[in-house]
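# A structural walkthrough
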Amino acid sequence: MSIHDIQFSKEELARYNRHIIIPEFGEEGQLKLKAAKVLIVGSGGLGSPALLYLTAAGVGTIGIVDFDVVDDSNLQRQILFDIHEIGNPKVEAAKRRLEALNPHVRFILHNTHLNSENALDIIKDYDVVADGTDNFPTRYLVNDATVLLDKPNVYGSIFQFEGQVSVFNFVNPSGERGPNYRDLYPTPPPPGLVPSCAEGGVLGVLPGIIGSLQALEVIKIITGVGQTLSGRFFTFDAMNFENRTFKIKRRADNPLNGLNPSIRTLIDYEQFCGMRAVEEKPVKEISARELYDWQVKGRPFKLIDVREPSEFKIVQIGGELIPLATVADHAEQIPRDIDVVVHCKAGVRSLKAIRELEEKFGYTNLYNLKGGIIAYIDQVKPELTRY
Amino acid sequence: MATVIIPTPLRKFTNQTARVNVEAGTVGEIINRLTLDFPELKKHLLDAQGSVRSFVNIFSGDEDIRDLQKENTPVNSSTIISIVPAIAGGHQ
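The rules behind each value
Residues numbered from 1 in each chain as written. Chains lettered and ligands numbered in written order. Predicted model: local features only at pLDDT ≥ 70, side-chain atom pairs only at ≥ 80, totals over all residues. Helix = DSSP H or I, 4+ residues; strand = E, 2+ residues; numbered from the N terminus. Rg over C-alpha atoms; globule rule 2.2 N^0.38 Å. Contact = placed C-beta atoms within 7 Å. Buried ≥ 20, exposed ≤ 12 C-beta atoms within 10 Å, placed from the backbone. Nonpolar A, V, L, I, M, F, W, Y, C, P; charged D, E, K, R; others polar. Axes fitted to C-alpha atoms, helices over the stretch in contact; angles between N-to-C directions. Parallel < 35°, antiparallel > 145°, perpendicular 65-115°, else oblique. Left-handed = near helix turned anticlockwise from the far one by under 90°. Right-handed = clockwise from strand over helix to strand, strands pointing away. Pairing = 2+ DSSP bridges. Core = buried A, V, L, I, M, F, W, Y, C linked by C-beta atoms within 7 Å.

### Some points on the overall build of chain A
- Of the regular secondary structure elements, chain A holds 15 helices and 13 strands.
- In summary, chain A has a C-alpha radius of gyration of 23 Å against a globular reference of 21 Å for 387 residues, a match within 12%.
- C-alpha extents for chain A along the principal axes are approximately 75 × 50 × 40 Å.
- Across chain A, the fraction of contacts at a sequence separation of at least 24, relative to all contacts at a separation of at least 6, is 70%.

Below, the structure written as structure tokens:
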């Protein structure tokens, strides 16, 4: 949409007056915001403030990618959500909150896990992407997809007291393209070396600061006001209140857009990040249909659910709840004389639980439910609540 | 002598020290000194070949040492070296 096709209503002119009266911004800046389409990947700690400010600022179209549901442990920092939304899909909760903030914004919800199959299709329709995800595979996925699609990527990342911000793949008014994430960090750390926020924690205010800086850079990219962080890398240490801004450059050996590009399409980012390199001996698996078969035939077995209590409340399939973190402490509840099926949401946490039980306690009768409760709902009981 | 700023994720290996003064002439010497004084830092900073890991950036002032003379980049008493590893948090 061109800014010449847009007219503001009186309500919008009044709402955006504090922007419009800034000389460098003006009505033109506001029109550019309304014409823009911004995709926020992740509506958690970073996405919450970014979405609130970009919605308040009047970005015309905002896409939100998130596969998660609101959990009470999110509310310490994910200020988009409140206690009434616990258990609801984040994208839907976000839309309700944001529409109440600004009815002039159109929201597009992508209630899915961004992956190599869908990323290009989702991102292609947007002008700017802001990455507020929480793991290295998705960081590289968003980076590569935005470079392949020629979109600027506003990067923010946090850990404990430390925040990072930059603008990647931005083409400045002189036509010069800035560096991207692979110029800054060519490869990710091996799994396990750097803890996630879920393991290492994060001070709740920090994503508020870093996500707001991402919103700022999105607005500057759209309006052309000021100098973006392209070619610069901002770090903030909240513990000592120190910030530093480093210069970063494009690298000739960048596999995406260096001198000899070797990546021309999206790759397997789990593999790239070494997630599959740590494959240990396989555990026994059972499909959702086989499990259902066991259930209807009355075969003796025990079902263990290693998800969190909040997930258990949303939907359960008759398993005994023993959250992953407490599995080792409750091993005595898990029998050895009959088959035991372990499940979680998608099959990853249950795999970890089984490995832990096999290694520490020598279990040999454990089966992992392939695809978790989600596969069970999809294949056996579609009437149950999917989350 | 140069001042090295240790990032939050690595401070658990430096007794929670955020700034370390190191007597050295180059960035490479600083890294060696740090890994001797704080042995647990080594696997986070260096790969098996002894090169700086590709998910760790080292800046001298505001310049990436890859744009200077890498590990041979000279330092003096007013140099501030920042170690900035990749972090990925944001959503959860």
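### Re unusual backbone geometry
- A positive phi is found at aspartate 150 of chain A, a non-glycine position, where the angle reads about 60°.
- Examined against the element boundaries, aspartate 150 of chain A turns out to sit in the loop between α7 (136-148) and β5 (153-159).
- Looking at aspartate 150 of chain A, the number of C-beta atoms within 10 Å reads 11, which means it is exposed.
- With phi around 55°, asparagine 15 of chain B is a residue other than glycine that occupies positive phi space.
- Within the secondary structure, asparagine 15 of chain B is located in the loop between β1 (2-5) and β2 (19-22).

### Regarding the interface of chain A and chain B
- Listed per partner, the contact involves 42 residues of chain A and 23 residues of chain B.
- The set of elements that each furnish at least two residues to the side of chain A that touches chain B consists of α7, β5, β6 (162-168), α9 (197-200), β7 (232-237) and β8 (242-247) of chain A.
- Classifying every residue of the side of chain A that touches chain B gives 19 nonpolar, 16 polar and seven charged.

### A few points about the packing of helix α4 (residues 47-57) of chain A against helix α10 (residues 205-223) of chain A
Residues and elements named next belong to chain A.
- Here α4 crosses α10 at 40°, and the two axes come no closer than 7 Å. Taken as axis vectors, α4 and α10 run oblique relative to one another. Here α4 runs over α10; the crossing is right-handed. Each of Gly47, Ser48, Pro49, Ala50, Tyr53, Leu54 and Ala57 in α4 lies in contact with α10, whose residues at this interface are Pro207, Gly208, Gly211, Ser212, Gln214, Ala215, Val218 and Ile219.
- Within the contact of α4 with α10, the residues separate by chemical class into nine nonpolar, six polar and no charged.

### A few points about the packing of helix α12 (residues 288-297) of chain A against helix α15 (residues 372-379) of chain A
Residues and elements named next belong to chain A.
- Two numbers describe how α12 lies on α15: the axes approach to 9 Å, and their chain directions differ by 75°. It follows from the interaxial angle that α12 and α15 lie roughly perpendicular. Seen from α12, the contacting residues are Ala288, Arg289 and Leu291; seen from α15, they are Ala375, Tyr376 and Gln379.
- Here the residues of the contact of α12 with α15 sort into four nonpolar, one polar and one charged.

### A closer look at the pairing of strand β1 (residues 37-41) of chain A
Residues and elements named next belong to chain A.
- The buried fraction of β1 is high, at four of five residues.
- In terms of handedness, the path from β1 via α4 over to strand β2 (residues 61-65) forms a crossover that is right-handed.
- Relative to strand β4 (residues 128-131), β1 is paired through four bridges, and the arrangement is parallel. Considered in β4, the bridge of isoleucine 40 is made with alanine 130.

### Examining the nonpolar core
All names here are of chain A.
- Counting residues in each nonpolar core, the largest one holds 85 residues, and the members touching the most others are Val38, Leu51, Val128 and Val218.
- Per element, the largest residue contribution to this core is eight residues, and it comes from α10.
- Every residue in contact with valine 128, bar those within four places of it in the chain, is listed here: Ala36, Val38, Lys151, Pro152, Val154, Val218, Ile221 and Ile222.
- Counting residues in each nonpolar core, the second largest holds 18 residues, with Leu351, Leu357, Leu366 and Leu369 among its members.

### Concerning the sheet that holds strand β3 (residues 56-60) of chain B
Residues and elements named next belong to chain B.
- Pairing in this open sheet of five strands is mixed, and the strands run β2-β1-β5-β3-β4 from one edge to the other. Of all the strands in the sheet, the pair left with one neighbour each is β2 and β4 (63-64).
- Where β3 lies against strand β5 (residues 80-85), five bridges are found, and the strand directions are antiparallel. In the strand pairing of β5, isoleucine 58 is matched with isoleucine 83.
- Lying over the sheet, helix α1 (residues 27-37) contacts β1, β2, β3 and β5, oriented at roughly 115° with respect to β2.

### What about the environment of leucine 351 of chain A?
Residues and elements named next belong to chain A.
- Looking at where leucine 351 falls in the secondary structure, it is placed in helix α14 (residues 348-361).
- By C-beta crowding, leucine 351 is classed as buried, having 21 other C-beta atoms within 10 Å.
- Separated by 45 residues in sequence, leucine 351 and valine 306 place their C-alpha atoms 9.9 Å apart.
- Sequence-distant contacts of leucine 351, that is, excluding residues within four places in its chain, are made with Val283 and Asn368.

These values are about where atoms sit, not about what they do.
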